[in-house]
Structures are given as C-alpha cells and as structure tokens.
Amino acid sequence: MGGVLADGAMREPWWLVPSDRWDLRIASEWTGRTRGLSSRWLAGPFSERPPAAVHAHYGPVAAEHQHLARRLDRPLVASFYGYDATKSVYRQERRWRRLYGALFRNAAAIITEGPAMASRVESLGCPADKLRVVRIAADQEGLERVRRDKAEHFLAVAAGRLIEKKGFDTAVRAFARALRGERDARLLITGGGELEPELRRLAAAEGITDQVVWGSRLPFVEFMGSIARSHIGLYPSRTAASGDSEGGAPVTLIEAQWLGVPSLVSDHDDLPFVAAPKGSEVLPALDVERWAEALRALYLDPARLDVMAREAERFAREN
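Residues numbered from 1 in each chain as written. Predicted model: local features only at pLDDT ≥ 70, side-chain atom pairs only at ≥ 80, totals over all residues. Heavy atoms only, no water.

**What to know about the overall build of the chain**
Then, number 1: Each helix and strand in the chain was counted, giving 16 helices and ten strands.
Then, number 2: Counting only residues that meet the buried cut, the chain has 52% of its 319 residues in that class.
Then, number 3: Considering only intrachain contacts with a sequence separation of at least 6, the fraction spanning at least 24 residues in the chain is 68%.
Then, number 4: Accessible area of the chain: about 15,800 Å², with a carbon and sulfur share of 50%. (Helix = DSSP H or I, 4+ residues; strand = E, 2+ residues; numbered from the N terminus. Buried < 20%, exposed > 50% of the residue type's maximum accessible area, 1.4 Å probe, protein only. Contact = heavy atoms within 4.5 Å. Areas by Shrake-Rupley, 256 points an atom, 1.4 Å probe, with all protein chains shown as cover.)

Below is the structure:
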C-alpha cells in the first residue's frame, strides 16, 4: 500500500493506491487519528479478494494502518528501514510511543534488514521473538542491464541522496587529503539533494573542484552504470542531528557490490553487515584521516582493488 504510484511503476492488482480516489486518500491520511474508523473505506476494495497478509513498509505506515489488518482479519507484517526507528519524533513523542506499542503487540512479525536495525527496533519495545532479519535484495533484473566498463582514471564514488546522514562531507575531505592534485584521480558525487550547494563549496575550499564530477538524479540503470565505472565506493554514513540514520544500510551499497565495486564503509548501523568482509574496509564514521589513509592505500594498490572487487561481487550475489 502506498500513497501514490511511483513514476514508471507497473500497477499490480493487489496494490491499494489511495491517491486513486479522494475517499481512499482521506481515509488513509486519517486512519491513525480516527482509531481505525476510516479503515472501513480502505478495506472496501479488498472485500471480494482479501489478501493473505498486510505488509506495511516503514514503521509509521504500519502503525497508522494496523486497524486495516484487523478489519480484514489478516496478519500484519511491518518492515522498518531507518528513520522510522531512529528519529527523535518516533522515539520520544508520546503519540508515536503509543502507536508503536500497539503495533508491536498486534503485528505478526517485524522485519528489519540487519541486526543493528533489529536492536534499535527492540529498544523501542518490540518483543525479540517478533523480529526477523531479512536482507534487502538487489534488483538483479535491473542490474543485468548495467554496463560495467571501468573509468580509465582512478574513480571513487559517493552515491546517494545528498543529505546529512550520508556523511558525504567526510568523503570530500578524505579525497582531498588523499588525492588532491593527482591528475588521474576523480571523485564522483551523484544522487542529488539538499546539501549539494554546501558540498560544492566544501570541494572548492578543499582545492579539488577540478577533480570532482557531479551527477544528478538518474533512472536506475543509468545511476548504477555511473557507479559501476568506479573503482571504489565511499559510504561514510552517520547519525544526523535529527536522529535520522541509515538504520540498516544503503541499498546502493548492496547493488554496487553486485556490480563488482568494492567499498569503504563506516562502522554505522548495518553497513558492516552488508559489506563484503574481503571486499570492503570498515572505518570510524567521522575519522577523516583514517578514510584518507585507506583511500590513498587503495589508489596505490590496484591489484588489491581487483581482489576486493571480485570478493564484493561474490558476497553480494551469494547473499
């Protein structure tokens, strides 16, 4: 169930998209505030073909639509992904503590993508016996359409939304300290986001403007194709001031490894869990010097990079 249909998505008969009808949209927006009374309208489209289960993505969606599962008399499965267990509003506000408490009592299972995220959700009051760790899958079909030609020069990539929790300022500073002035070294920052102007200023201040390539939001195959050209991926994720965190790990990390791109990852949440043990290096999230040293060492050792690339691909495809 989602509020709107994503661009390019193929509609499936079991999907409920509230934006299709004004009454469903209102019912969806108010179900959490009407103690489930509006779930009567949401349940209507399922009267002839009720589902086997209700699977809600993200904690707030699950908490506000648990009445729908009860009205349909079907088990509720809820998946948590990150901000829904880490931001202060969901950890501290009385309303959300109450809704989450009811969700944990009523849900048949709570899914997280890794053990670190599972621990976070358990700390919110979820019984351990309801938690299940299910790794996020790579989009194999989409990735098979991605070209994997490596760049001629050394290319490091920081890919994802340009927001605080991604820690891309650490990537810029580390690259500058490790490879400033190296004519055959480039840093690709791609994904777009609110912090792009700030990161551009930082790159200029660090003296690497000519070595940074900026990418925008792209369709999946093109986005992953730009990453596949890289020799190393940088994932310096951390907890933002708002409490927002990866919770689990970036899907981009999983899919980049599938394409044979090794990584430097922070010791944040579930990044070490999804990073190939022999195809990655785990570093302290905020230690710029350690990131610079690791990046410099790999730049000088292409043979090790080749081994890491093979290990990253093997790990991702096996898991």
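Resuming the write-up.
**Examining helix H10 (residues 168-179)**
Then, number 1: With twelve residues, H10 extends 16 Å between its outermost C-alpha atoms, agreeing within 8% with the 16 Å of an ideal straight helix rising 1.5 Å per residue.
Then, number 2: Elements that come into contact with the buried residues of H10 comprise strand S5 (154-159), strand S6 (185-190), helix H11 (196-205), strand S8 (232-235) and helix H15 (288-299). (Expected span 1.5 Å × (residues − 1).)

**Considerations on the sheet that holds strand S1 (residues 54-57)**
Then, number 1: If you trace the four strands from one edge of the open sheet to the other, you get S1-S2-S3-S4, paired in parallel fashion. The open sheet has two edge strands with one neighbour each: S1 and strand S4 (131-133). On average, each strand axis in the sheet is tilted by 25 degrees relative to the strand beside it, whichever way the strands run.
Then, number 2: Bridge count for S1 against strand S2 (residues 76-79) is four bridges, and the pairing is parallel. Bridging from a neighbouring strand, alanine 56 pairs with alanine 78 of S2.
Then, number 3: The sheet strands contacting helix H8 (residues 115-123) are strand S3 (109-112) and S4, and the helix crosses S4 at an angle near 165 degrees. (Pairing = 2+ DSSP bridges. Axes fitted to C-alpha atoms, helices over the stretch in contact; angles between N-to-C directions.)

**Focus on helix H16 (residues 302-318)**
Then, number 1: Here H16 contains 17 residues, and its C-alpha end-to-end distance of 24 Å stays within 8% of the 24 Å for a straight helix at 1.5 Å per residue.
Then, number 2: Every buried residue of H16 is listed here: Leu305, Met308, Ala309, Glu311, Ala312, Phe315 and Ala316.

**Let's talk about the packing of aromatic side chains**
Then, number 1: Across all of its chains, the model carries ten aromatic pairs by this definition.
Then, number 2: With a centroid separation of 5.9 Å and 55 degrees between ring planes, the pair formed by tyrosine 83 and tyrosine 90 is classed as tilted.
Then, number 3: Classification of tyrosine 90 as buried rests on a relative accessible area of 12%.
Then, number 4: A cation over an aromatic ring shows up here: arginine 95 above the ring of tryptophan 96, its NZ or CZ 4.7 Å from the ring centre.
Then, number 5: Its end group placed over the ring of phenylalanine 273, arginine 135 keeps NZ or CZ at 4.1 Å from the ring centre. (Phe/Tyr/Trp six-rings, centres within 6.5 Å; stacked < 30°, edge-to-face > 60°. Lys NZ or Arg CZ within 6 Å of the ring centre and 35° of its normal.)

**Description of the pairing of S6**
Then, number 1: In terms of residue burial, S6 counts as a mostly covered element, since five of its six residues are buried.
Then, number 2: Alignment of S5 against S6, held across six bridges, turns out to be parallel. The residue bridging alanine 159 from the neighbouring strand is threonine 190, located in S6.
Then, number 3: Tracing the backbone out of S5, into H10 and back to the parallel element S6 gives a crossover that is right-handed.
Then, number 4: Pairing analysis gives three bridges linking S6 to strand S7 (residues 212-214), with the strands arranged parallel. The partner of leucine 188 across the bridge, within S7, is valine 213.
Then, number 5: The parallel pair S6 and S7, bridged by H11, forms a crossover whose chirality is right-handed. (Right-handed = clockwise from strand over helix to strand, strands pointing away.)

**Things to note about the sheet that holds strand S10 (residues 280-283)**
Then, number 1: Strand order in the open sheet made by the six strands is S7-S6-S5-S8-S9-S10, with parallel pairing throughout. Sheet topology places S7 and S10 at the edges, where each strand pairs with a single neighbour. Adjacent strand axes in the sheet meet at a mean angle of 20 degrees, parallel and antiparallel pairs treated alike.

**Details of the packing of H10 against H11**
Helix-helix packing is described using two parameters, namely the angle between the two axes and the distance between the axes.
Then, number 1: In contact at an axis separation of 10 Å, H10 and H11 are set at 15 degrees when each is read in the N-to-C sense. The angle between H10 and H11 falls in the class roughly parallel. For the crossing formed where H10 meets H11, the hand is right-handed. Side by side, H10 and H11 meet where Phe168, Asp169, Val172 and Arg173 of the first sit next to Leu199, Leu202 and Ala203 of the second.
Then, number 2: Per-class residue counts for the contact of H10 with H11 are five nonpolar, no polar and two charged. (Parallel < 35°, antiparallel > 145°, perpendicular 65-115°, else oblique. Left-handed = near helix turned anticlockwise from the far one by under 90°. Nonpolar A, V, L, I, M, F, W, Y, C, P; charged D, E, K, R; others polar.)

**Thoughts on the side chain of threonine 252**
Then, number 1: If you trace the backbone, threonine 252 turns up in helix H13 (residues 251-258).
Then, number 2: Classification of threonine 252 as buried rests on a relative accessible area of 14%.
Then, number 3: Filtering out sequence-adjacent residues up to four positions away, threonine 252 remains in contact with Ala159, Phe223, Met224, Ile227 and Tyr235.

**Let's talk about the environment of glutamine 92**
Then, number 1: Here glutamine 92 shows up in helix H6 (residues 88-92).
Then, number 2: The exposure class of glutamine 92 is exposed, given its relative accessible area of 56%.
Then, number 3: C-alpha of glutamine 92 to C-alpha of leucine 124: the two residues are 32 residues apart in sequence and 9.6 Å apart in space.

**Thoughts on the nonpolar core**
Then, number 1: Judged by nonpolar contacts, the single largest core of 33 residues is most densely connected at Phe154, Ile232, Leu234, Leu264 and Leu295.
Then, number 2: Mapped onto this core, the elements with two or more residues apiece are S5, H10, S6, H11, S8, H15 and H16.
Then, number 3: In terms of residue count, H10 provides more of this core than any other element does, eight residues in total.
Then, number 4: Counting 28 residues, the second-largest nonpolar core is a separate cluster that includes Leu68, Phe80, Ala85 and Ile110. (Core = buried A, V, L, I, M, F, W, Y, C linked by side-chain atoms within 4.5 Å.)

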